[in-house]
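Understanding the architecture of this molecule
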Amino acid sequence: MVTIPQYGVRLVKESEFKYFSNKVTGAPAVCDLLRAIGLDEKANEEFYSVYLNTKNHVLGIEMISRGTLNSSLVHPREVFKGALLANANSIILAHNHPSGSVEPSVADRSVTKILANAGNLLDVKVLDHVIIGSKGGFFSFAESGLL
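Remember, it's a predicted structure, so these values are computed and weren't measured experimentally. (Residues numbered from 1 in each chain as written. Predicted model: local features only at pLDDT ≥ 70, side-chain atom pairs only at ≥ 80, totals over all residues. Heavy atoms only, no water.)

So, a nonpolar patch on the surface
On the surface, V9, L11 and L85 cluster together into a nonpolar patch covering about 280 Å² of accessible area. You can see L11 is positioned in the segment before α1 (27-35). (Patch = residues over 30% accessible without salt bridge, like charges linked within 9 Å, V, L, I, M, F, W, Y side chains within 5 Å. Areas by Shrake-Rupley, 256 points an atom, 1.4 Å probe, with all protein chains shown as cover. Salt bridge = Lys/Arg side-chain N within 4 Å of Asp/Glu carboxyl O. Helix = DSSP H or I, 4+ residues; strand = E, 2+ residues; numbered from the N terminus.)

See the structure below:
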């Protein structure tokens, strides 16, 4: 006789913050939302997923990883775990560049492609990947035709 564990998986709200709208209408709105939590002021790269319902209302935000000054480790399993638990229809990816430059790196382009393909497989559409600079600028993969 062996013992087999039974698991339950739950999405747990860690905190919350007040914001003037829960609807995302484009990259500028995503930037405003993530600046409200101070992403543009972080000393290290942080990678976030914004979970959206079918009407692009924000279901929640999750920090996926915290990296170093110029890199962050991101894996599809970690990105989509929360999205599936939140019952998200789509997600918007976002991370900061503490250097201030919003130009996507080769790694940024590669991870965006990998995550978009994973989202297609899981039927959770990646609507955009936004890079937020520490000097007020941003870069949108969707607006630049790269997604």
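What to know about helix α3 (residues 106-122)
Along an α-helix, residues three or four positions apart point the same way, because every turn accommodates 3.6 residues. Here α3 spans 25 Å end to end across 17 residues, near enough to the 24 Å set by a 1.5 Å rise per residue. For α3, the set of buried residues is D108, V111, T112, L115, A116, A118 and G119. Axial view of α3: buried residues confined to an arc of 165°, hence all on one face. For α3, exposure combined with an orientation more than 90 degrees from the buried face picks out V106, K113, N120 and L121. Those residues of α3 that are buried are in contact with β1 (46-52), α2 (76-85), β3 (90-97) and β4 (125-133). Just beyond α3, the residue with positive phi is D123, at close to 60°. (Expected span 1.5 Å × (residues − 1). Buried < 20%, exposed > 50% of the residue type's maximum accessible area, 1.4 Å probe, protein only. Arc of directions from axis to C-beta. Contact = heavy atoms within 4.5 Å.)

Let's talk about the packing of α2 against α3
Relative to each other, α2 and α3 sit at 40°, their axes nearing to 10 Å. Judged on the interaxial angle alone, α3 and α2 are oblique. Crossing of α2 against α3: the hand is right-handed. Side by side, α2 and α3 meet where P76, V79, F80 and L84 of the first sit next to I114, L115, A118, G119 and L122 of the second. The residue makeup of the contact of α2 with α3, split by class, is eight nonpolar, one polar and no charged. (Axes fitted to C-alpha atoms, helices over the stretch in contact; angles between N-to-C directions. Parallel < 35°, antiparallel > 145°, perpendicular 65-115°, else oblique. Left-handed = near helix turned anticlockwise from the far one by under 90°. Nonpolar A, V, L, I, M, F, W, Y, C, P; charged D, E, K, R; others polar.)

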